[in-house]
Amino acid sequence: MTIVESLSPRSLRAPESGIVEVVNYARGREGLIPLWVGEGDLPTPEFIARAASDALLRGETFYTWQRGIPELRAALSRYYARRFGAFLPDEHFYVVGSGMQAIKLAIEALVSPGDDMVYLTPAWPNFAAAAELSGANTIAVPLDFTGGRWQLDLGRIEAAITPKTRVLFVNTPSNPTGWTATREDLASLLAIARRHGLWIMADEIYALYHYAGGRAPSFLDVMEDGDRVIFVNSFSKNWSMTGWRVGWIVAPPEIGQVLENLIQYSTSGVPQFLQQGAVVALDEGDAFVQANIDKAARNRDIFCDALIATNRVETLKPDGALYAFLKIDGVTDSRLAALDIVDRTNVGLAPGTAFGPGGELFMRACFLRDSGQVAEAADRLARYIAAR
């Protein structure tokens, strides 16, 4: 038995990231325009970094509240009142070490080995992998792709539910497709969950990146007391804090002790000085977030217009999130195409093969970057497509 074979079967089932494969292949190349991962090109703004730095220098380096410092949980309550019109007391909020940990802890709370989790695909791959590492079965329900736009098939979701189903995972606006559920979609999904006694795990991390104006519809708009909905979210996208690894969960207070226990036995909490930065992000960061949204909207137009004009890319401008999901004429293996595009254009894209069923023929590009870089990347890709 080799040293690798001696590891647990569950750990060996953890898949390599198809996105990271391309990043590792091309990282550090001179002149490369990296559109492969879901982050912008701006560092965390100084006023947020300063709040964390000041707290660090004050000595806020000790063990702290497992559920999050009171100041941050109160700030999250204010944020949801301001942005969502949802008046949730502090006990609904739990601070965790990233959006990814929020997903993992919610999965641990909601599913047992052998249970099913239904999700919409193409999808960000990490949550399905996290569920499978917890012993759950993931059931992918493809969105329909028609005329360059993604659409929800409620009948297909209902048909995927079995007596073993425990969770319906919904990411809207969607990474990678940009599909954004309407209020009616969310009400219908909630009705399905109620009929079958399911939990909904709602990933609304891109809710503010909604190009029709205002935030995207939320389950908070349609749910009632007693509905089984748990929200997972992160500071990463709105406030340019991807490297901070701070996220949160919104959940019924009745399960608060369970979530606190899960936090205790994973990270034992988020550093207090980082949480002080997060407080300032929520309370003072609206202008910065709006600038990011405006930048994304401008770059969505620059990038998509240029590629649609080739007449060899099937896509429409996404309704939400930060990504163009492109079906390029002639691409039959997006993994190989992503590697070839790096070599020939010095533009980094994420292959659709990384996003599960329905994504194989697509490429994902994150457009939250300098507009000049986005325009240059689009020009390089248009020339690459024309030469195929």
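What counts, and where the lines are drawn
The numbering scheme is per chain: residues are counted from 1 as the chain's sequence reads. At least 70 in pLDDT is required for a residue's local features to be given in this predicted model, at least 80 for side-chain atom pairs to be given and counted, and no such filter applies to totals for whole chains, interfaces and linings, which use all residues. By convention in this description, side-chain values take in all heavy atoms of the structure and omit both hydrogens and water. In this scheme, a residue with accessible area under 20% of its type's maximum is buried, one over 50% is exposed, and one in between is partly exposed, where area comes from a 1.4 Å probe on protein chains only. Only DSSP runs of H or I reaching four residues or more are called helices, and only runs of E reaching two or more are called strands; each is numbered from the N terminus. We call two residues in contact when some of their heavy atoms are within 4.5 Å. The definition of a nonpolar core used throughout is a set of buried Ala, Val, Leu, Ile, Met, Phe, Trp, Tyr and Cys residues joined through side-chain atoms within 4.5 Å. Pairing between two strands requires that DSSP report at least two bridges joining them. Angles shown run from 0 to 180 degrees and are taken between the N-to-C directions of axes, each axis being a line fitted to C-alpha atoms and, for helices, limited to the stretch in contact. In this scheme Phe, Tyr and Trp rings, the latter by its six-membered ring, pair at centre separations within 6.5 Å, and the angle between planes marks the pair as stacked below 30 degrees, edge-to-face above 60, and tilted otherwise. We call a charge positioned above a ring when the Lys NZ or Arg CZ atom is no farther than 6 Å from the ring centre and deviates by at most 35 degrees from the ring normal. Candidates for patches are residues over 30% relative accessible area with no salt bridge; among them, like charges are joined within 9 Å and nonpolar side chains (Val, Leu, Ile, Met, Phe, Trp, Tyr) within 5 Å. Note on areas: these come from Shrake-Rupley sampling with a 1.4 Å probe, and a residue is covered only by the protein chains present in the view. Salt bridge, as applied in this entry: a Lys or Arg side-chain nitrogen positioned within 4 Å of an Asp or Glu carboxyl oxygen. Every angle not falling under 35 degrees, over 145, or within 65 to 115 is termed oblique; those three ranges are roughly parallel, roughly antiparallel and roughly perpendicular. Note on convention: the crossing is left-handed when the near helix lies turned anticlockwise from the far helix by less than a right angle, right-handed when the turn is clockwise. For this classification, the nonpolar set comprises Ala, Val, Leu, Ile, Met, Phe, Trp, Tyr, Cys and Pro, the charged set comprises Asp, Glu, Lys and Arg, and every other residue, Gly included, is treated as polar. Polar contacts, as used here, are pairs of N or O atoms within 3.5 Å; protein pairs need one atom able to donate a hydrogen and one able to accept it. Residues neighboring in sequence count only if both atoms are side-chain atoms.

Student: Quick one: what's the story with helix α6 (residues 126-133), residue by residue and with numbers?
Tutor: Inspection of α6 places F127, A128, A129, A130 and A131 among the buried residues, and these make up the whole buried set. Residues of α6 that are buried in the fold lie against α5 (99-110), β3 (116-121), β4 (137-142) and β7 (165-171). Looking one or two residues beyond α6, the residue adopting positive phi is G135, at roughly 95 degrees.

Student: An account of the environment of R50 is needed here, citing residue identities and associated values.
Tutor: When you line up the elements, R50 lands in helix α3 (residues 46-57). Counting along the chain gives 109 residues from R50 to A159, while the straight-line C-alpha distance between them is 51 Å.

Student: Can you break down the nonpolar core residue by residue, with the values?
Tutor: Grouped together as the largest cluster of nonpolar side chains are 104 residues, with contacts concentrated most on L72, F219, F235, W239, F303 and L322. Here the element with the most residues in this core is helix α13 (residues 371-386); it accounts for seven residues. Y119, A131, F169 and I249 belong to the second-largest nonpolar core, a separate cluster that totals 28 residues.

Student: A description of the side chain of N346 should follow, citing residues and the corresponding values.
Tutor: One can find N346 in the loop between α12 (334-345) and β13 (347-348). Residues in contact with N346, not counting those within four places in the same chain, are R29, E30, G31, L32, I33, I341 and R380.

Student: Report on the sheet that holds strand β9 (residues 229-234), specifying residues and quantitative values.
Tutor: What holds strands together in a sheet is hydrogen bonding between their backbones, with the strands either parallel or antiparallel. Taken in spatial order, the seven strands make up an open sheet running β2-β10-β9-β8-β7-β3-β4, and their pairing is mixed. Looking along the sheet, the strands with just one partner apiece sit at the ends: β2 (93-96) and β4. On average, each strand axis in the sheet is tilted by 20 degrees relative to the strand beside it, whichever way the strands run. As judged from the four bridges shared by strand β8 (residues 199-203) and β9, these two strands associate in the parallel manner.

Student: Go over the packing of aromatic side chains, please, and point to the residues and values.
Tutor: For the coordinates displayed, the defined rule picks out 18 aromatic pairs. Seen from their ring centres, Y80 and F93 are 5.4 Å apart, and the 40 degrees between their planes marks the pair as tilted. Taken as a pair, Y80 in helix α4 (residues 70-84) and F93 in strand β2 lie far apart in primary sequence, 13 residues in all. Judged by its relative accessible area of 3%, Y80 falls in the buried class. Among the aromatic residues, ring-to-ring pairing joins Y79, Y80, F84, F93, F235, W239 and W248 into one connected group. Sitting over the ring of Y94, R73 keeps its end group 5.6 Å from the ring centre.

Student: Run through unusual backbone geometry, naming residues and quoting values.
Tutor: Following T172, the chain continues to P173 via a peptide bond in cis, the omega torsion being -10 degrees. Tracing the chain through its elements places P173 in the loop between β7 and α8 (183-196). Of note, the amide linkage connecting N175 to P176 takes the cis form, showing an omega dihedral of 20 degrees. Among the structural elements, P176 can be located in the loop between β7 and α8. For R245, which is not a glycine, the phi torsion comes out positive at approximately 60 degrees.

Student: Run through a nonpolar patch on the surface, naming residues and quoting values.
Tutor: Taken together, the side chains of I3, V4, L7 and L12 present a nonpolar region at the surface, about 400 Å² in accessible area. In this fold, I3 is placed in the segment before α1 (9-12).

Student: Give me the packing of α4 against helix α10 (residues 272-284): which residues, what numbers.
Tutor: For the pair α4 and α10, the least separation of the axes is 9 Å and the interaxial angle reads 20 degrees. As judged from the angle between their axes, α4 and α10 are roughly parallel. Considering how the two elements wind past one another, α4 and α10 form a crossing that is left-handed. Contact residues: E71, L72, A75, L76, R78, Y79 and R82 in α4; Q275, Q276, A278, V279, L282 and D283 in α10. A class-by-class count of the residues in the contact of α4 with α10 yields seven nonpolar, two polar and four charged.

Student: I'd like a description of the pattern of salt bridges, backed by residues and values.
Tutor: Side chains bearing opposite charge may pair, as long as their charged atoms lie close to each other. Counted according to the given criterion, the structure contains 25 salt bridges. With its nearest N and O atoms 3.4 Å apart, the salt bridge here joins R312 to D329. A residue pair is termed long-range when its members are at least 10 positions apart, and R312 in the loop between α11 (286-308) and β11 (313-314) and D329 in the loop between β12 (323-328) and α12 qualify at 17 residues. For R312, a relative accessible area of 23% translates into the label partly exposed. Salt bridges here are not isolated pairs; linked through shared partners, they connect R300, D301, D305 and K317.

Student: A description of the side chain of T138 should follow, citing residues and the corresponding values.
Tutor: Position of T138 among the secondary structure elements: in strand β4. A distance of 2.5 Å separates the side chain of T138 from the side chain of E132, its partner in a polar contact. What T138 contacts, discounting residues up to four positions off in sequence, is M117, Y119, A128, A131 and E132.

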